[in-house]
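Structure assessment
Chain by chain, the residues run as shown.
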Amino acid sequence: MTEHFSASGFDFTIKSDGRAVTEIKRGMFGENTPDDVTSLAVKELTEYFDGKRTCFSFPVEYHSTPFREKVWNALRRIPYGHTVTYGELAEMIGEPSAARAVGNAVGDNPLLIVLPCHRVTAKGAIGGFSAGLDLKKALMQIEKIL
């Protein structure tokens, strides 16, 4: 199932397998075929963009390599309104010399906002963002990081 969603001037596509959200990406792709899971995700993401929600309750599911899953699980532990560097995230997962690999895994995050890759920065700089720096800055402003 797929549902399109717009907030703060940004468009997103939310996909589910009927049990959990499996992907959130920037842009509108595919046919709009919502289900209960995607509709709950839209409701909660709308509340997030409105500054009324700091965490999400809708189910998510993701599968990849064990390393990437470790990075993505660590993203979920970064508190709302806080940032960590790629190096700090590498340390969080017990791989202190893997900052570059961590950055690659962060860039392949399948669940924008929910796995808060926008909270990961370069040392002394905002860092990159696969969905666009304009979105990263907007998300950081919502969380009062910028």
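Residues numbered from 1 in each chain as written. Predicted model: local features only at pLDDT ≥ 70, side-chain atom pairs only at ≥ 80, totals over all residues. Heavy atoms only, no water.

1. Examining the overall build of the protein chain
Helix and strand content of the protein chain: 5 helices and 5 strands. When the elements of the protein chain are put in sequence order from the N terminus, they spell out β-β-β-α-α-β-α-α-β-α. Computed over the C-alpha atoms, the radius of gyration of the protein chain is 15 Å, within 12% of the 15 Å expected from 2.2 N^0.38 for a compact globule of 146 residues. Counting only C-alpha atoms, the protein chain reaches 45 × 30 × 25 Å along its principal axes. Burial analysis of the protein chain (146 residues in total) assigns 45% to the buried set. Restricting to contacts in the protein chain with at least 6 residues of sequence separation, those with at least 24 account for 54%. For the protein chain, the accessible surface area stands at approximately 7200 Å², while carbon and sulfur atoms represent 50% of it. Taking the 17 positively charged and 18 negatively charged side chains of the protein chain as two groups, their mean positions are separated by 6 Å. (Helix = DSSP H or I, 4+ residues; strand = E, 2+ residues; numbered from the N terminus. Rg over C-alpha atoms; globule rule 2.2 N^0.38 Å. Buried < 20%, exposed > 50% of the residue type's maximum accessible area, 1.4 Å probe, protein only. Contact = heavy atoms within 4.5 Å. Areas by Shrake-Rupley, 256 points an atom, 1.4 Å probe, with all protein chains shown as cover. Lys, Arg positive; Asp, Glu negative; His and termini not counted. Charge placed at Lys NZ, Arg CZ, Asp CG, Glu CD.)

2. Thoughts on the pairing of strand β1 (residues 2-7)
Looking along a regular strand, one sees the side chains alternate between the two faces of the sheet. Here β1 runs beside strand β2 (residues 10-16); their pairing, made up of 6 bridges, is antiparallel. Considered in β2, the bridge of phenylalanine 5 is made with phenylalanine 12. Where β1 folds back on β2, the antiparallel hairpin that results is connected by 2 residues, among which serine 8 adopts a positive phi of roughly 50°. (Pairing = 2+ DSSP bridges.)

3. Topic: the packing of aromatic side chains
If you walk through the whole model with that rule in mind, you get 8 aromatic pairs. Measuring from centroid to centroid gives 5.7 Å for phenylalanine 12 and phenylalanine 49, while their planes differ by 45°, and the two rings are tilted. Residue phenylalanine 12 is found in strand β2, and its partner phenylalanine 49 is found in helix α1 (residues 36-49); the two are separated by 37 residues along the sequence. Like phenylalanine 12, the residue phenylalanine 49 is buried in the burial classification. Ring geometry for tyrosine 62 and tryptophan 72: centres 5.7 Å apart, planes at 80°, overall edge-to-face. Here tyrosine 62, found in the loop between α1 and α2 (66-75), pairs with tryptophan 72, found in helix α2; they are 10 residues apart in sequence, far enough to count as distant. (Phe/Tyr/Trp six-rings, centres within 6.5 Å; stacked < 30°, edge-to-face > 60°.)

4. Quick look at the pattern of salt bridges
Under the defined criterion, the tally for this structure stands at 11 salt bridges. A salt bridge links arginine 53 to glutamate 44, with the nearest nitrogen and oxygen atoms 3.8 Å apart. On the accessibility criterion, glutamate 44 (2% relative accessible area) is buried. The partner of arginine 119 in a salt bridge is glutamate 143, with the nearest N and O atoms 2.8 Å apart. Placement of arginine 119 in the loop between α4 (99-107) and β5 (120-121) and of glutamate 143 in the segment after α5 (133-142) is noted, with a sequence separation of 24 residues between them. Across the pair, glutamate 143 and arginine 119 agree in class, each one buried. Via salt bridges that share partners, Lys43, Glu44, Glu47 and Arg53 belong to a single interconnected network. (Salt bridge = Lys/Arg side-chain N within 4 Å of Asp/Glu carboxyl O.)

5. Quick notes on the sheet that holds strand β3 (residues 21-26)
Strands sit in the order β1-β2-β3 across an open sheet of 3 strands; the sheet is antiparallel. Both edges of this open sheet fall to β1 and β3, since each of them pairs with a single strand only. Strand-to-strand twist of the sheet, defined as the mean angle between neighbouring strand axes without regard to direction, takes the value 20°. (Axes fitted to C-alpha atoms, helices over the stretch in contact; angles between N-to-C directions.)

6. Examining the environment of aspartate 11
If you trace the backbone, aspartate 11 turns up in strand β2. In this structure aspartate 11 comes out as partly exposed when scored by relative accessible area, which is 35%. Measuring from C-alpha to C-alpha, the distance between aspartate 11 and alanine 131 comes to 11 Å, with 120 residues separating the pair along the chain. Look past the residues within four positions of aspartate 11 in its chain and what remains in contact with it is Phe5, Ser6, Lys25, Arg26, Gly27 and Met28. Here the side chain of aspartate 11 touches serine 6 through a polar contact of 2.5 Å, side chain to side chain. (Polar contact = N/O pair within 3.5 Å; in protein donor to acceptor, adjacent residues only side chain to side chain.)

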